[in-house]
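One-letter residues, chain by chain:
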Amino acid sequence: MKHINSYLKWLKQSHKTHLTIAISMLLVMTTHAQDNDHLFKVAKNLDVFNTIYKNLDMIYVDTLDADEVIGNGIDAMLRSLDPYTEYYSEQKNKEVKMMLQGKYAGIGALIRYNYKLGRVCIDEPYENMPAAEAGLKKGDIILSIDGEDMTTRDNSYVSNHLRGDAGTTFELKIMRPSTNKTMKFKIRRRSIKLPSVPYYGLQPDGMGYLNLNGFTEGCGKDVRNAVIEMKRSGMKGLVLDLRGNGGGSEMEAVNVVNCFIPKGKLVVSNRGKLKSVNRDYKTTVEPVDSLMPIVVLVNGNSASSSEITSGALQDLDRAVVMGTKTYGKGLVQTLIDLPYNGQMKLTTHKYYIPSGRCIQKIKYRHENGGSTEEKADSLAKTFYTANGRPVKDSGGIEPDVEVKSDSLPNIAYYLVNVRDSSEVLQTFEIDYIAKHPTIAPAAKFDLSDADYERFKQLAITNNFKYDAISEKTLDNLVKVAKFEGYYDDARDEFETLRKKLKPNLAKDLEYNKKKIKQIINSDIVSAYYFQRGAIENALKNDAQVQAAFEMLKDHDRYRSILAPKQTVK
């Protein structure tokens, strides 16, 4: 009986084993069939694409430009994936270098198209660059480059001709509006590297401020050196400003975090389809400081490497994150070399910060023609920082302390951004700069009330136009009231309100004086002290920066935000 029971037990186990093997084989066969089906589809569609182009090239009525037609096909294919996967032909390799290194060869100046004049003008020369060294100034009208007329050209055309190989020289002819003089400059192009840290400095009460505007090659070293210098000058706390920083090198994000986090700590992990290239990035050297209070400022335009930096410092309880929710880009791209000196920036991984969360906001679906789906906050999962504080993977980095930025009034938006309207501002600023060889130091400069009154009169005289939001909103309300049948009964009230909401330029310029003055201050200061001066000048009126300084000075509040959270047992 014992032998029979043993045999039955063996038979039962053997049956299970055979069943497991059969299922495994079925899975292998299914997977193999799926792989074969995928490979067949790839080969089939490549063959179809190749045949279509061959027929187009042979018998289409016009001769095709292969670079353009096939390039458009490649771009369309990549656009169906995500916004970050891009193809760069050999001709666009300079864009890749600019993106990664922040470098290009040229004169080092922003240019802009003046619609009132119909000309391209110098807008802002960069500090210690050929344009500034040659003596070019804001408002100079570009007439010709090496004898070629530029008065009918657009921004892109002029920009391409100002750029060139480092070391080459050219003749630039300009007209200076303040003097009406035509001037010629011999300028030698140089390799232009935009500063990743345009401004840093010690502020009142020992508060340090550092503006990082991009994660380009070497920015981690720049941040480290700036922090060391400010510490030597007595810095007691640091505001790291990442607002508007769209990201860049992931490795540089690790280097920035490493300035404040001890050696050997995990900062970010990359995970993708190919496990062999998955990678964990840890800090590699000792920090500059691992105890000093830090506030990281972020906003909706802080993305990618900015989110790795702010998210890692948040997850490791090393800094208080302040501002508004970040962009939500949790994807990593890899540069791949292609034939004929082309390159492709390809999305290969998602990244995960120390708590284990990925903050990617948008999911890109590729079936049925493709679509996007934004992650709902209600679906966010909870993770925990090193101290046990709850954080979410809610499509961006949620700040520990929300502080909203001052909104830009509509009239100010038109002054800065809208064609024709913005020329009033430019005209005033160029005239002011021409009449003032020097101004007060960047941190102290403030446009006088008398000068602002002159700006107001210029705007009124030039019949400055802008759309009043309240008037537009009323127009929409009238349409809705008419549609729903209420307008006739409320006609008198609507007309009375319309009269009260009628735009009054002088009144609106005075009502928004503070914000408009800040814009003018920034533009004027940059003409004398460049980008660093404009940033320094703006700090005193920046609500988010001032809130960050107050946080750093309130030690009890700062510590309470980062303190370990007690759990109920």
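Computed from a predicted model, the values in this text were never measured in an experiment. (Residues numbered from 1 in each chain as written. Predicted model: local features only at pLDDT ≥ 70, side-chain atom pairs only at ≥ 80, totals over all residues. Heavy atoms only, no water.)

S.K.: How would you sum up the overall build of the chain? Please name residues and give values.
M.R.: Broken down by element type, the chain carries 17 helices and 23 strands. If one aligns the C-alpha atoms of the chain with their principal axes, the spans along those axes are about 115 × 75 × 70 Å. Residues classed as buried in the chain amount to 40% of the 569 residues present. For the chain, the share of sequence-separated contacts (at least 6 apart) that also reach a separation of at least 24 residues comes to 68%. (Helix = DSSP H or I, 4+ residues; strand = E, 2+ residues; numbered from the N terminus. Buried < 20%, exposed > 50% of the residue type's maximum accessible area, 1.4 Å probe, protein only. Contact = heavy atoms within 4.5 Å.)

S.K.: Could you give me a rundown of unusual backbone geometry, with the residues and numbers involved?
M.R.: Of note, the phi angle at Ser304 is positive, near 55 degrees, even though the residue is not glycine. Note that Ser304 resides in the loop between strand S15 (294-298) and helix H8 (305-315). With a phi close to 55 degrees, Asp317 is a non-glycine residue in the positive phi region. With respect to the helices and strands, the residue Asp317 is situated in the loop between H8 and strand S16 (320-323). Note on Asp317: relative accessible area 11%, which makes it buried.

S.K.: How would you summarise the nonpolar core if you had to cite specific residues and measurements?
M.R.: Of all hydrophobic cores here, the largest spans 58 residues; its most connected members are Leu210, Leu212 and Leu238. Residue contributions to this core reach at least three from each of two domains, namely domain 3 (199-402) and domain 4 (410-466 + 503-551). Those residues within four positions of Leu238 in sequence are excluded, and the remaining contacts are Gly208, Tyr209, Leu210, Val227, Met230, Phe260, Met292, Pro293, Ile294, Val295 and Leu552. (Core = buried A, V, L, I, M, F, W, Y, C linked by side-chain atoms within 4.5 Å. Domains from an automatic or database assignment.)

S.K.: A description of the environment of Cys358 should follow, citing residues and the corresponding values.
M.R.: Structurally, Cys358 can be placed in the loop between strand S18 (342-352) and strand S19 (362-365). Here the alpha-carbon distance between Cys358 and Gly396, two residues 38 residues apart in the chain, equals 8.6 Å. Cys358 has contacts with Gly330, Lys350, Tyr351, Tyr352 and Asp393, leaving out every residue within four places of it along the chain.

S.K.: Lay out helix H2 (residues 66-79) in plain terms, naming residues and giving numbers.
M.R.: Along an α-helix, residues three or four apart share an orientation, since each turn contains 3.6 residues. For H2, built from 14 residues, the straight-helix expectation of 20 Å at 1.5 Å per residue is met to within 8% by its first-to-last C-alpha distance of 19 Å. With a side-chain oxygen lying 3.0 Å from the backbone nitrogen of Asp67, the N-terminal cap of H2 falls on Asp65. (Expected span 1.5 Å × (residues − 1). Polar contact = N/O pair within 3.5 Å; in protein donor to acceptor, adjacent residues only side chain to side chain.)

S.K.: Account for the UniProt feature "domain: Tail specific protease" (unreviewed entry) in the chain, with residues named and values stated.
M.R.: Those residues carrying the UniProt feature "domain: Tail specific protease" (unreviewed entry) are residues 180-363 in this numbering. Structurally, residues 180-363 comprises 18% helix and 37% strand, and the distance from its first C-alpha atom to its last is 55 Å. (UniProt positions renumbered as here; feature names shortened; annotations may be inferred.)

S.K.: Break down a nonpolar patch on the surface for me, with residues and values.
M.R.: A surface patch of nonpolar side chains, about 470 Å² in accessible area, is lined by Val48, Ile52, Leu56, Tyr60 and Val61. By secondary structure assignment, the location of Val48 is in helix H1 (residues 2-59). (Patch = residues over 30% accessible without salt bridge, like charges linked within 9 Å, V, L, I, M, F, W, Y side chains within 5 Å. Areas by Shrake-Rupley, 256 points an atom, 1.4 Å probe, with all protein chains shown as cover. Salt bridge = Lys/Arg side-chain N within 4 Å of Asp/Glu carboxyl O.)

S.K.: Break down the packing of helix H10 (residues 422-435) against helix H15 (residues 513-538) for me, citing the residues and quoting the values.
M.R.: Packed helix pairs are specified by the crossing angle of their axes together with the interaxial distance, meaning the distance between the axes. At a closest axis distance of 10 Å, the pairing of H10 and H15 adopts a crossing angle of 45 degrees. Here H10 is positioned oblique relative to H15, judged by the angle of their axes. In this structure, the crossing between H10 and H15 has a hand that is right-handed. Two secondary-structure elements touch here, H10 through Leu425, Phe428, Glu429, Tyr432 and Ile433 and H15 through Ile519, Ile520, Asp523, Ile524, Ala527 and Tyr528. Classifying every residue of the contact of H10 with H15 by side-chain character gives 9 nonpolar, no polar and 2 charged. (Axes fitted to C-alpha atoms, helices over the stretch in contact; angles between N-to-C directions. Parallel < 35°, antiparallel > 145°, perpendicular 65-115°, else oblique. Left-handed = near helix turned anticlockwise from the far one by under 90°. Nonpolar A, V, L, I, M, F, W, Y, C, P; charged D, E, K, R; others polar.)

S.K.: Break down the packing of aromatic side chains for me, with residues and values.
M.R.: Note on aromatic pairs: each is described by the distance of the centres and the angle between the planes. Scanning the entire structure with this criterion turns up 8 aromatic pairs. Centroid distance Phe428 to Tyr432: 6.3 Å. Interplanar angle 40 degrees. Geometry classified as tilted. Taken together, the positions of Phe428 and Tyr432, both in helix H10 and 4 residues apart, correspond to about one turn of that helix. The residues Phe428 and Tyr432 share a single accessibility class, namely buried. (Phe/Tyr/Trp six-rings, centres within 6.5 Å; stacked < 30°, edge-to-face > 60°.)

S.K.: Help me get a handle on the sheet that holds strand S10 (residues 199-203), residues and values and all.
M.R.: Strand order in this open sheet of 6 strands is S10-S11-S12-S15-S16-S23, and the pairing throughout is mixed. Strands at the two margins of the open sheet, each flanked by one partner only, are S10 and strand S23 (401-402). Of the pairings in the sheet, the one linking S16 to S23 comprises 2 bridges and is parallel in character. When the bridges of S23 are listed, Gly323 appears paired with Glu402. Against the sheet, helix H6 (residues 219-232) touches S10, strand S11 (207-211) and strand S12 (237-241), its axis set at about 160 degrees to S11. (Pairing = 2+ DSSP bridges.)

S.K.: Please set out the domain arrangement of the chain residue by residue, giving values where relevant.
M.R.: Taken domain by domain, the chain comprises domain 1 (1-64), domain 2 (103-193), domain 3 (199-402) and domain 4 (410-466 + 503-551). For domain 2 and domain 4, the distance between their C-alpha centroids amounts to 24 Å. At the interface, 14 residues of domain 2 touch 14 residues of domain 4. Interface area, domain 2 with domain 4, both sides summed: about 1,300 Å², of which 57% is carbon and sulfur. Of all residues in domain 2, Tyr115, Glu127 and Lys138 bury the most surface against domain 4, accounting for 47% of the area lost on that side. The interface formed by domain 2 and domain 4 holds 3 salt bridges in total. The salt bridge partner of Arg532 is Glu127, with a shortest N-O separation of 2.8 Å. Viewed at the interface, domain 4 and domain 2 are joined by 4 residue pairs in polar contact (both at pLDDT 80 or more). (Buried area = accessible area lost by both parts, 1.4 Å probe.)

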